[in-house]
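# Examining the three-dimensional arrangement
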Amino acid sequence: MTPPAAPRPSAAPCRVLVADDNPDAADSLALFLGLLGHQTRTAYTGPDALATADAFAPDAVFLGLKLAGVDGVAVARELAGRPDGTRPRLLVALSGFTRDDDRKRALAAGCHHYFLKPVNPADLAALLESGCGPA
């Protein structure tokens, strides 16, 4: 059996906020992205995600939709509505919600992508390969 390949460092490191109501999932994804050379922060509630975004100014946000306090759709709407230069270039919804309405709500709130959990971390890392998403 061939051992799994080690993660490749990213060509263009990004500032990434991982917000999820499951601390283990958020911390694991942040650790993986950190091994690729990205700077990461985590948050486990909606208010913490907004406060962390204010302090950290992330290029990209991987956002669970089932956050306490302020749900992920509201967090996405707030972040997407920020002025240029303070708005994350990439907003990605990570959700266990399979209904098409949930996907449409997240995309309408400003998310660029919608992934169903469990998410392959390599798929998320690939989104960062081009320098943190859409310009």
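Quick look at the structure, then. (Residues numbered from 1 in each chain as written. Predicted model: local features only at pLDDT ≥ 70, side-chain atom pairs only at ≥ 80, totals over all residues. Heavy atoms only, no water.)

### Considerations on the nonpolar core
In terms of nonpolar packing, the biggest core is built from 20 residues, with Leu63, Val75 and Leu79 touching the most fellow members. Elements supplying a minimum of two residues to this core: β1 (15-19), α2 (46-56), β3 (60-64), α3 (72-80) and β4 (90-95). For this core, the element with the highest residue contribution is α3, accounting for four residues. Those residues in contact with Leu79 that sit more than four places away from it in its chain are Leu50, Ala53, Val61, Arg87, Pro88 and Leu91. (Core = buried A, V, L, I, M, F, W, Y, C linked by side-chain atoms within 4.5 Å. Buried < 20%, exposed > 50% of the residue type's maximum accessible area, 1.4 Å probe, protein only. Helix = DSSP H or I, 4+ residues; strand = E, 2+ residues; numbered from the N terminus. Contact = heavy atoms within 4.5 Å.)

### Considerations on the pattern of salt bridges
Counted under the stated rule, the structure contains nine salt bridges. A salt bridge links Lys117 to Asp20; the shortest N-O distance between them is 2.7 Å. A residue pair is termed long-range when its members are at least 10 positions apart, and Lys117 in the loop between β5 (113-116) and α5 (121-128) and Asp20 in the loop between β1 and α1 (23-35) qualify at 97 residues. Look at Lys117 and you get partly exposed, because its relative accessible area is 36%. The residue Asp100 makes a salt bridge to Lys104 at a minimum N-O spacing of 3.3 Å. On the criterion of helical spacing, the pair formed by Asp100 and Lys104 is a turn pair, its members being four residues apart in helix α4 (residues 100-108). What you see here is one network of salt bridges that share partners, running through Asp71, Arg99, Asp102 and Arg105. (Salt bridge = Lys/Arg side-chain N within 4 Å of Asp/Glu carboxyl O.)

### Considering the pairing of β4
Within β4, six of the six residues are buried, which leaves the element mostly enclosed by the surrounding structure. Relative to β4, β3 runs parallel, the two sharing five bridges. Pairing of Gly64 across the sheet is with Leu94, part of β4. In the classification by handedness, the crossover that spans β3, the intervening α3 and the parallel β4 is right-handed. Pairing of β4 with β5, which is carried by four bridges, proceeds in the parallel orientation. Note on β5: the bridge partner recorded for Leu94 is Phe115. Assessed by its sense of winding, the connection that carries the chain from β4 through α4 to β5 is right-handed. (Pairing = 2+ DSSP bridges. Right-handed = clockwise from strand over helix to strand, strands pointing away.)

### Brief notes about α3
Within the sequence span of α3, burial applies to Gly72, Val73, Val75, Ala76 and Leu79. Each buried residue of α3 sits inside an arc of 160° when the element is viewed along its axis, so together they form one side. Elements that come into contact with the buried residues of α3 comprise α2, β3, β4 and α4. For α3, the N-terminal capping position is held by Asp71, with its side-chain oxygen 3.2 Å away from the main-chain nitrogen of Val73. (Arc of directions from axis to C-beta. Polar contact = N/O pair within 3.5 Å; in protein donor to acceptor, adjacent residues only side chain to side chain.)

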